[in-house]
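Chain residues, written in single-letter form:
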Amino acid sequence: EQIDSWIGKKKWDVIHFNWGLHDLKYMGPNGENLFSKEKGGKVQVALVKYKKNLELLVSRLNKTGAKLIWRNTTPIPPGSRGRYVGDSISYNSAASLIMIRHGIPTHDLFTLSRERMKEIMKPANVHFTEEGSKVLAESVAEVILEALK
């Protein structure tokens, strides 16, 4: 809903983007955030809708003329509230097909995060430690700087 205001009228050289982690969280029947699917929670954006949304977003971003870089969704650690291990894999797989079709490279923070999960992620939480955020930021900066060459 906000993509046009986020892009604005600026000229973009590179857009490094991701959607997914909030899409795959479970919501309660009355809009409760991070609800259990065992208690009737439903994923916020179903995979079918996610794919449609991502196609629209990619089409819009392509109109900027910027070099696009998709950043896949990081893993969900065991015990995370309202999110389930493996869901980011399903969403990443769907996104990967869209990115391949559009010729958009993927920055793989999923693998980086999974391999160092115990070191850089908070336990049972999709968020990162301060050091983890620094690791991710350095990786993103490296990818963007390379794209700007």
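To start, this report covers the structure provided alongside it.

Quick notes on the rules
Residues numbered from 1 in each chain as written. Predicted model: local features only at pLDDT ≥ 70, side-chain atom pairs only at ≥ 80, totals over all residues. Heavy atoms only, no water. Phe/Tyr/Trp six-rings, centres within 6.5 Å; stacked < 30°, edge-to-face > 60°. Buried < 20%, exposed > 50% of the residue type's maximum accessible area, 1.4 Å probe, protein only. Lys NZ or Arg CZ within 6 Å of the ring centre and 35° of its normal. Helix = DSSP H or I, 4+ residues; strand = E, 2+ residues; numbered from the N terminus.

1. Remarks on the packing of aromatic side chains
(1) Moving on: Using the criterion set out here, one finds four aromatic pairs in the structure.
(2) Moving on: Note on Phe17 and Trp19: the rings are 5.8 Å apart at their centroids and 55 degrees apart in plane angle, and the pair reads as tilted.
(3) Moving on: Given the relative accessible area of 21%, Trp19 is considered partly exposed.
(4) Moving on: Here a set of aromatic residues connected by ring pairs shows up, and it is made of Phe17, Trp19 and Trp70.
(5) Moving on: Here the basic side chain of Lys37 rests over the ring of Tyr84, its NZ or CZ set 4.4 Å away from the ring centre.

2. Focus: unusual backbone geometry
(1) Moving on: Positive phi is not limited to glycine here, since Leu34 has a value of about 55 degrees.
(2) Moving on: Within the element layout of this structure, Leu34 appears in the loop between strand E2 (26-27) and strand E3 (42-43).
(3) Moving on: At Ala124, a residue that is not glycine, the phi angle is positive and equals roughly 50 degrees.
(4) Moving on: Taking the relative accessible area as the measure of exposure, Ala124 reaches 38% and is therefore partly exposed.

These results come straight from atomic positions and should not be treated as a statement about function.
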